[in-house]
Each structure stands twice: as structure tokens, then as C-alpha cells.
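# Reading the structure
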Amino acid sequence: MSKRIVLLGAPGSGKGTQGQMLMERRGIPQISTGDLLRAAVAAGSDLGLKAKAAMDAGELVADEVVIGMIRERLNEADTANGYILDGFPRTRAQAEALDGLLVDLGKPLDRVVHLDVDEEEIVKRLLERGRSDDTEDTIRNRMKVFRDQTHPLLEYYSERGLLVTVKGSGDLEAIYGSIVAALDA
Ligand code: AMP
């Protein structure tokens, strides 16, 4: 059974929703860099102030900032039995840093699940979600950032034999079932 899991997908592909279902049903924490960053912004911390402009523009926050957050989070006790990374890594530098961290911890990733949803559907979903960074311009930019920087990670993980792709459109429970089947295969 896979325990150390990355959910990879475009913004609006359902990583957050499916990550939460996995957390509730499998009892392992969901770690979302987007949630951690939004909490830092809300708290008005230095890190939050640094991150806010990039987030509002749909750009990525600097690698060293998110890598630092993940390093701290993966050292917490509740990750001992596994975790679901949601929204991290998003760049090759982040993926390589994660590999390094996991070598140090002696616990490699088990699976990377790619939630595959077509772009039209994603734009529609995000406009319905209506988060403050869900305006049409920001959405287009986030999609571009995904294509340019995050999509190449599919090859990175495929080469390492970790990647499974799951169709991310349709019924939530059916998608969840496909993810669990891929994790337990
Ligand atoms: P999300 O909630 O995953 O859609 O993330 C919201 C925003 O937070 C993104 O558009 C980025 O600005 C920032 N963010 C989240 N995760 C990362 C990451 N791994 N690397 C860089 N920026 C990130």
C-alpha cells in the first residue's frame, strides 16, 4: 500500500478535494503548500508577505521558500506513517530537493498520481470556485505556469517508475476509487 504520495495536476484538477478524501479515509496528513502559504499570508508573517504578490499574480512562490516549508513539515511526527503532498513539487528544483530530503529521511516516495483533466473543464471549475486568485487572467497564467514548469515533472516521475495517471473528471467517488486502485496496485 502506498503511503508517501504526491498528487500532481493542474490548478483545479481536484488535488485538494481528493487529497482531503485520502487524508480522512487513510489517516495520513494532506500537506498543501497552497494552504500553508495562504495561512502565512493570513497571519501576516514575513514569509506570507513575500509570497503574496506571486500568489495574487498566479506566479510561483520562490523554490527556497516552499522547499523550506516542506522540509519543516516533513520533520513533524504525524508524517511518520505517510502523507499526501498536494501542490508540491511544482518545479524540477522542488522535485530534486524533495528527493534529497527523502534520501535524508530514508523514506522514498511510493507513488505520484497525475490527476488528468482537460483545460476547458479546469477553467470552468476555477471560475465557479471563485477564490481570490481565481480571476480569468490569473487562471490563464496559472495554467501556463503549470504547462511550462510543472508538466515536465510527469516525465521526471515516469522515468523513476513512480507515475500513475488517473482521469480527474466525473464523479468524485469514482475518481477516488481510481486513485485508490492506482495506489494499491
Ligand atoms: P494552490 O492552492 O496549490 O493552487 O496554490 C496557490 C498558489 O500558491 C499558487 O498559484 C502559487 O502562487 C503558490 N504555490 C503553492 N504551492 C506552490 C509551490 N509548490 N511552489 C511555488 N508556489 C506555490
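Just so it is clear, the model here is predicted, and its values are computed rather than measured. (Residues numbered from 1 in each chain as written. Predicted model: local features only at pLDDT ≥ 70, side-chain atom pairs only at ≥ 80, totals over all residues. Heavy atoms only, no water.)

Attention shifts here to the site of the ligand. Taken together, 15 residues lie near the ligand, and Thr 33, Arg 38, Glu 59, Gly 87 and Gln 94 sit nearest. A distance of 3.3 Å separates an oxygen atom of the ligand from a polar side-chain atom of Arg 131. When isolated, the ligand has an accessible area of 480 Å², and the protein chains bury 96% of it. In this structure the site holding the ligand corresponds to the largest pocket. Considering every element that reaches the shell around the ligand, the biggest residue donor is helix H2 (residues 33–43), with 4 residues. Class assignment of the residues belonging to the shell around the ligand gives a composition of 6 nonpolar, 4 polar and 5 charged. (Near = heavy atom within 4 Å. Polar contact = N/O pair within 3.5 Å; in protein donor to acceptor, adjacent residues only side chain to side chain. Areas by Shrake-Rupley, 256 points an atom, 1.4 Å probe, with all protein chains shown as cover. 1 Å grid on protein atoms, 1.4 Å probe; cavity = no way out; pocket = protein on both sides within 12 Å on 5 of 7 lines; lining within 4 Å. Sits in = over half its atoms within 2 Å of the grid points. Helix = DSSP H or I, 4+ residues; strand = E, 2+ residues; numbered from the N terminus. Nonpolar A, V, L, I, M, F, W, Y, C, P; charged D, E, K, R; others polar.)

Another point: the nonpolar core. Counting 28 residues, the largest nonpolar core has Val 61, Ile 70, Leu 74, Leu 85, Leu 98, Leu 109 and Tyr 157 as its most contacted members. Among the elements of the structure, strand E1 (4–9), helix H3 (46–57), helix H4 (63–74), strand E3 (83–86), helix H5 (92–105) and helix H8 (152–159) are those that each provide at least two residues to this core. For Tyr 157, the contacting residues outside a window of four places in its chain are Leu 8, Pro 89, Ala 95, Leu 98, Leu 109, Val 112, Leu 162 and Leu 163. If you look at the next biggest cluster of nonpolar residues, it comprises 15 residues, including Leu 22, Leu 115, Val 166 and Ile 179. (Core = buried A, V, L, I, M, F, W, Y, C linked by side-chain atoms within 4.5 Å. Buried < 20%, exposed > 50% of the residue type's maximum accessible area, 1.4 Å probe, protein only. Contact = heavy atoms within 4.5 Å.)

Our next topic: the packing of aromatic side chains. The tally for this structure, following the rule as stated, stands at 1 aromatic pair. Their ring planes at 90° and their centres at 5.1 Å tell us that Tyr 156 and Tyr 157 sit as a pair that is edge-to-face. Note on accessibility: Tyr 156 and Tyr 157 belong to one class, buried. Geometry around Tyr 176 places Arg 25 over its ring, the cationic atom sitting 4.6 Å from the centre. Just above the ring of Tyr 156 sits the side chain of Arg 160; from NZ or CZ to the centre is 3.5 Å. (Phe/Tyr/Trp six-rings, centres within 6.5 Å; stacked < 30°, edge-to-face > 60°. Lys NZ or Arg CZ within 6 Å of the ring centre and 35° of its normal.)

We now examine the packing of helix H1 (residues 15–26) against helix H9 (residues 172–184). The interhelical angle for the contact between H1 and H9, taken along N-to-C directions, is 65°, at an axis separation of 11 Å. Every pair of crossing elements has a handedness; the one defined by H1 and H9 is right-handed. Between H1 and H9, the contacting residues are Thr 17, Gln 18, Met 21, Leu 22, Arg 25 and Arg 26 on the first element and Leu 172, Glu 173, Ile 175, Tyr 176, Ile 179, Val 180, Leu 183 and Asp 184 on the second. Of the residues that constitute the contact of H1 with H9, the class distribution is 8 nonpolar, 2 polar and 4 charged. (Axes fitted to C-alpha atoms, helices over the stretch in contact; angles between N-to-C directions. Left-handed = near helix turned anticlockwise from the far one by under 90°.)

Time to look at the pattern of salt bridges. For the structure shown, the criterion picks out 19 salt bridges. Between Asp 78 and Arg 73 there is a salt bridge whose closest N-O contact spans 2.8 Å. Looking at Arg 73, the relative accessible area reads 15%, which means it is buried. Across the pair Arg 160 and Asp 99 runs a salt bridge whose closest N-O atoms are separated by 4.0 Å. Here Asp 99 lies in helix H5 and Arg 160 lies in the loop between H8 and strand E5 (163–167), a separation of 61 residues in the sequence. When salt bridges with common partners are traced through the structure, they connect Arg 129, Arg 131, Asp 133, Asp 134 and Arg 142 into a single cluster. (Salt bridge = Lys/Arg side-chain N within 4 Å of Asp/Glu carboxyl O.)

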